[in-house]
Amino acid sequence: MSATLDAAIAFLVELGMELEGKAPIEGRWVERVMGLDGVRQDVAMLRTPVATAG
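My aim in this report is to walk through the structure given alongside it, one point at a time. Bear in mind the structure is a predicted one, so any value in this text is a computation, not a measurement. (Residues numbered from 1 in each chain as written. Predicted model: local features only at pLDDT ≥ 70, side-chain atom pairs only at ≥ 80, totals over all residues. Heavy atoms only, no water.)

### Quick notes on the overall build of the chain
Using the following cut-off: Starting at the N terminus, helices and strands are each numbered in turn, a helix being any DSSP run of H or I of at least four residues and a strand any DSSP run of E of at least two. The quantity called the radius of gyration is restricted to C-alpha atoms. Its globule counterpart is 2.2 Å times the number of residues to the power 0.38. Exposure is judged per residue with a 1.4 Å probe applied to protein chains only, and the accessible area is read against the type maximum: over 50% gives exposed, under 20% gives buried, and values in between give partly exposed. Every residue pair with non-hydrogen atoms within 4.5 Å of one another is taken to be in contact. For the purpose of counting charges, residues Lys and Arg are taken to be positive, whereas Asp and Glu are taken to be negative. His and the chain ends are not included. All charge positions are set by atom: Lys at NZ, Arg at CZ, Asp at CG, Glu at CD.
A tally of regular secondary structure across the chain gives 2 helices and 2 strands. Traced from its N-terminal end to its C-terminal end, the chain shows the element sequence α-β-α-β. In terms of C-alpha radius of gyration, the chain reaches 14 Å, well past the compact-globule figure of 10 Å for 54 residues. Projected onto the principal axes, the alpha-carbon positions of the chain cover approximately 50 × 25 × 15 Å. Taking all 54 residues of the chain together, 9% fall into the buried category. Across the chain, the fraction of contacts at a sequence separation of at least 24, relative to all contacts at a separation of at least 6, is 46%. A distance of 6 Å separates the average location of the 5 positive side-chain charges in the chain from that of its 8 negative side-chain charges.

Set out below in structure tokens:
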């Protein structure tokens, strides 16, 4: 994982988001979405905290 991705994650966690996970993505689907051949990208999945009604 890149230092830039780690910095972005740290910033978003500081704002209250929660890290779900990190993973590399690659393959035909990613190549079609990005319009580039041979793509390999690291991604992070974050979510907002769950609010409770009350």
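From this point, things continue past the structure.
### Overview of the environment of Lys22
Structurally, Lys22 can be placed in strand β1 (residues 18–26). As for Lys22 and Asp6, which are separated by 16 residues in sequence, their C-alpha atoms are 9.9 Å apart.

### So, the pattern of salt bridges
Put simply, the rule reads: For this document, the term salt bridge refers to a Lys or Arg side-chain nitrogen within 4 Å of an Asp or Glu carboxyl oxygen.
Counting across every chain of the model gives 4 salt bridges. Where Asp6 meets Lys22, a salt bridge forms, and the shortest distance between an N and an O atom there is 3.2 Å. Taken as a pair, Asp6 in helix α1 (residues 3–14) and Lys22 in strand β1 lie far apart in primary sequence, 16 residues in all. Among the salt bridges present, the one from Glu18 reaches Arg47, with a minimum N-O distance of 2.9 Å. One end of the pair, Glu18, is in strand β1; the other, Arg47, is in strand β2 (residues 40–47), with 29 residues separating them in the sequence. Judged by its relative accessible area of 33%, Arg47 is partly exposed.

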